[in-house]
Amino acid sequence: MKTCLLIIDQQRGNRELDRLYDDIQANQTIQAAVDLAQTKWFDQVYACGFINPPQSVWQEKMHWHGLSKESSYLIDTEIQRIADQEFYHSSYFPITKELSQFLEWKNMERVLVCGMETDCCVLFGACQLFEMGYNVAVAGYACASSTGLKSHQAGLTSISHRLPKDALLMDQKEVEQWIQKEKK
């Protein structure tokens, strides 16, 4: 059974968040993703990032221009070093047609998700993968939300209600048990 690690929205602009806010912990989640990739438990490591294009609903209706410049939306350099492939999306739903076709082409059956925006892109991406038939889990300790700890916790709660009961993994030991259980 082929397994991949999917790192969602760990982008260069997120490094700024830790300097601006006390409870985001973007840098910790980047390190957690790198640590996961270095375990060699995964056949492939993929990264996807959000792009806020000109005249998007975020710019037009919310007046938010973050992640619209290449210097902020590119995948974080530490993540680029470990990723076998990068993808970009421009919606709350990170599993694009391109990424979906790529997972199928690579014969992936299991996907471990981590990254930024636990309450949004991580949640929605994990649900997309689940609905597509993948065996999906979320490494909750390797996730964060740019809007703070309360949003992150709300995302974890939503994940625990919308995916199978054993799909939310809260430390590396639980990830290893998920990996080993699925290999049996």
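Residues numbered from 1 in each chain as written. Predicted model: local features only at pLDDT ≥ 70, side-chain atom pairs only at ≥ 80, totals over all residues. Heavy atoms only, no water.

**Q** For this particular structure, what's the right way to read the nonpolar core?
**A** General note: in soluble globular proteins, nonpolar side chains tend to be found buried as a group. One finds Leu5, Leu6, Leu36, Ile79, Leu112, Leu129 and Val138 to be the most contacted residues of the largest nonpolar core, which totals 54 residues. In contact with Val138, other than residues within four places in its own chain, are Leu112, Val113, Val122, Ala126, Cys143, Ile159, Leu163, Ala167, Leu168 and Leu169. In this structure, Trp58, Leu67, Tyr73 and Leu74 belong to the second largest nonpolar core, which totals five residues. (Core = buried A, V, L, I, M, F, W, Y, C linked by side-chain atoms within 4.5 Å. Buried < 20%, exposed > 50% of the residue type's maximum accessible area, 1.4 Å probe, protein only. Contact = heavy atoms within 4.5 Å.)

**Q** Hey, could you run me through the sheet that holds strand E3 (residues 85-89) in this one?
**A** By definition, the strands of a sheet pair up through backbone hydrogen bonds, in either a parallel or an antiparallel sense. Ordered in space as E3-E2-E1-E4-E5-E6, the six strands form an open sheet in which the pairing is parallel. Edge positions in the open sheet fall to E3 and strand E6 (168-169), since each of these has one partner strand only. In terms of strand pairing, strand E1 (residues 2-8) meets strand E2 (residues 44-50) through five bridges, oriented parallel. Paired with Leu5 across the strands is Val45, a residue of E2. Along the sheet face, helix H6 (residues 97-105) touches E1, E2, E3 and strand E4 (108-116) and points at about 150° away from the line of E3. Most of the contacts of helix H8 (residues 149-162) go to strand E5 (residues 135-144), to which it runs at about 165°, and overall it touches E5 and E6. (Pairing = 2+ DSSP bridges. Helix = DSSP H or I, 4+ residues; strand = E, 2+ residues; numbered from the N terminus. Axes fitted to C-alpha atoms, helices over the stretch in contact; angles between N-to-C directions.)

**Q** Where do I start with the pairing of E5 in this structure?
**A** Regular strands place their side chains on alternate faces of the sheet. Among the ten residues of E5, eight are classified as buried, and the element is accordingly described as predominantly covered. For E4 and E5, the ladder comprises six bridges, and the chain directions are parallel. Following the sheet pairing, Val111 is matched in E5 by Val136. This β-α-β element, E4 to helix H7 (residues 118-131) to E5, shows right-handed connectivity. (Right-handed = clockwise from strand over helix to strand, strands pointing away.)

**Q** Looking at this structure, I do not really get H8. What am I missing?
**A** Residue pairs spaced three or four apart in an α-helix point in one direction, given the helix's 3.6 residues per turn. The terminal C-alpha atoms of H8 lie 20 Å apart, and with 14 residues this matches the ideal 20 Å at 1.5 Å per residue to within 8%. Taken together, the buried positions of H8 are occupied by Ser151, His152, Gly155, Leu156, Ser158 and Ile159. Projected down its long axis, H8 shows its buried positions confined to an angular sector of 165°, all on one face. In H8, those exposed residues whose orientation departs by more than 90 degrees from the buried face are Lys150 and His161. Buried positions along H8 lie against H7, E5 and E6. (Expected span 1.5 Å × (residues − 1). Arc of directions from axis to C-beta.)

**Q** Teacher, can you tell me more about the packing of aromatic side chains here?
**A** How two aromatic rings sit relative to each other is given by the distance of their centres and the angle of their planes. Inspection of the entire model under this criterion finds ten aromatic pairs. Where Trp58 meets Tyr92, the ring centres are 5.5 Å apart and the plane angle is 90°; that geometry is what we call edge-to-face. You can see Trp58 sitting in helix H3 (residues 57-60) and its partner Tyr92 sitting in the loop between E3 and H6, a full 34 residues away along the chain. Given the relative accessible area of 9%, Trp58 is considered buried. Members of the aromatic cluster, connected to one another through ring pairs, are Phe50, Trp58, Trp64, Tyr92, Phe93 and Phe124. The ring of Trp178 has Arg110 sitting right over it, with the charged end atom 5.3 Å from the ring centre. (Phe/Tyr/Trp six-rings, centres within 6.5 Å; stacked < 30°, edge-to-face > 60°. Lys NZ or Arg CZ within 6 Å of the ring centre and 35° of its normal.)

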